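# Structure at a glance
One-letter residues, chain by chain:
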Amino acid sequence: MSVIQPTVLSGNFDDRFARQFEEIARGTVGREQERTLARDAVSSLAQAGFGRLRIPAEKGGFGATLPHTFRLLRDLAAADSNIPQIFRAHFAFVETLRAGLPHEERWLELINNNALFGAAMAERSDETSVTTAVTDGPDGLRLNGTKYYSTGTLYADWIIVWANQDNARVRVLVPSDAPGVTRVDDWDGFGQRLTGSGTTIFENVSLKPEQIIDRSPPGEIPAQPFLAAYYQQFHNTTLAGIAQAILRDAVEFVRPRTRVFGVPGKVIQRADPVVQGVIGRLSALAFSTATLADRGAEALSVVEPLWLAGRKDDDRFETAQEDIFKAQQIIAQQTLEAATLLFEVGGASATAESRRLDRHWRNARTLASHNPAAQRQRELGDLELNGTKLWSPYREGLKRVEEARRAGELA
């Protein structure tokens, strides 16, 4: 039997994280059943320095490469798929920090002291950062507004916020316990229930100028091409981890069972050709999704030097995005296939609440729904046929919103 094995890296942190992943996995079903936020699991990882995997060793981190980091994240997703998503904004911020930010030493010190960063970016409006605004008045800079789908923020020490200031989009860093910050656990998705993707409210939150770390025109895509691909790679990796968990749980379900499968008088389940065929397919799906996720990490690794050198508009980023978006089409489909096929090995007993095997499909379906796969597929086809760059519909939409805003100002 070929089972995807946990990644082993050189260095003292390998065994530490592997043991933590095992402990996290033991509590996953209980957290799902009770909808208990994974605070202890996240805190233990943060205190072990998981959030500084990508910080160079000479600056206090572990110096893990992108491929190694994503393989560890895949193993973590196999333990509990909620938790990589909780760390997603944090890891993306670390990549931004590595490429250079104002007051870098301050943010680096926080991360090296195991602070965790969450995100509050999305709004229920046509344009991000319309309702959340930074204003400058007699009491100094103030942040006001409401954000939705604030993934990881319930667990975070700091919150990364997109806001509007003087008709520009700004990125702001806010302590999660600052006066005026309210974090609401109201995420009601049927999967990825414990990611802390709820509402975040900012009411007259005081800011210092150095907390504004980035500024861009409202008509630009918020994420640079490297980060746009990086965020999708996170989803691909988490989905591949779910496929790995499905294979593990299927094998653990079948091996000890002594009842015959399907027809009385036949062989026990582990010796039944039908069950073996299902497990074989799950094994292939786990292998395929892991291989495609690894390919995406390698694609990011190729363009990483360009990102760190500040060459953020290089056409080679497009190639990395293409690889990751193409892989996403297959990884999502194959993980969902595996999550359904899993139930072919155990009959009705596989649906027991005590096992919560349904979590794999719910979590995979929720992750796969974060981005419209049909739209992404159409974009890939337009690219092949007409050379149209990825994200062109998004760019056109932002352009129309900006033109409408300017027209309103001139009216």
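Residues numbered from 1 in each chain as written. Predicted model: local features only at pLDDT ≥ 70, side-chain atom pairs only at ≥ 80, totals over all residues. Heavy atoms only, no water.

## So, the packing of helix 1 (residues 13-26) against helix 3 (residues 39-47)
Selection rule: Fitted lines through C-alpha atoms give the axes, limited to the stretch in contact for helices. The angle between two N-to-C directions lies from 0 to 180 degrees. By the criteria applied, helices consist of DSSP H or I runs no shorter than four residues and strands consist of E runs no shorter than two, each listed in order from the N terminus. Convention used here: angles under 35 degrees read as roughly parallel, angles over 145 as roughly antiparallel, angles from 65 to 115 as roughly perpendicular, and any remaining angle as oblique. Only heavy atoms matter for contacts: two residues are in contact if any of them lie within 4.5 Å across the pair.
Remark: helix 1 packs on helix 3, axes separated minimally by 11 Å, with the N-to-C direction vectors making an angle of 175°. It follows that helix 1 is roughly antiparallel to helix 3 by the angle criterion. In this structure, helix 1 uses F17, Q20, F21 and I24 to contact helix 3, whose residues at the interface are A41, S44 and L45.

## Focus on the confidence of the model for the protein chain
Condition: The score called pLDDT rates the predictor's confidence residue by residue, from a low of 0 to a high of 100.
For the protein chain, the average pLDDT comes to 90, and 91% of its residues sit at 70 or higher. Here residues 1-10 is a poorly scored stretch, pLDDT under 50, and it has 22 contacts once near neighbours within four places are set aside; other chains count.

## What to know about the pattern of salt bridges
Short version of the rule: Think of a salt bridge as a Lys or Arg side-chain nitrogen and an Asp or Glu carboxyl oxygen that are within 4 Å of each other. For the exposure calls, accessible area comes from a 1.4 Å probe over protein chains only, and a residue counts as buried if that area is under 20% of its type's maximum, exposed if over 50%, partly exposed in between.
Per the stated rule, a full pass over the model turns up 25 salt bridges. The salt bridge involving R74 is made with D294; its shortest N-O contact spans 3.4 Å. Pair noted here: R74 is in helix 4 (residues 66-79) and D294 is in helix 8 (residues 273-308), with a separation of 220 residues, a long-range link. Classification of R74 as buried rests on a relative accessible area of 5%. One salt bridge in this structure joins E384 and K326, with 3.4 Å as the shortest N-O distance. Linking E384 in helix 11 (residues 373-386) with K326 in helix 9 (residues 316-341), this pair joins segments that are 58 residues apart in sequence. On the accessibility criterion, K326 (35% relative accessible area) is partly exposed. The structure contains a network of salt bridges with shared partners spanning R54, E95, R98 and E304.

## Examining the pairing of strand 2 (residues 133-137)
Put simply, the test is: Pairs of strands are assigned from DSSP output, requiring at least two bridges between the strands.
With 5 bridges joining them, strand 2 and strand 3 (residues 140-150) adopt antiparallel strand pairing. Note that in strand 3 the partner of G137 across the bridge is G140. The antiparallel pairing of strand 2 with strand 3 creates a hairpin that spans 2 residues between the two strands.

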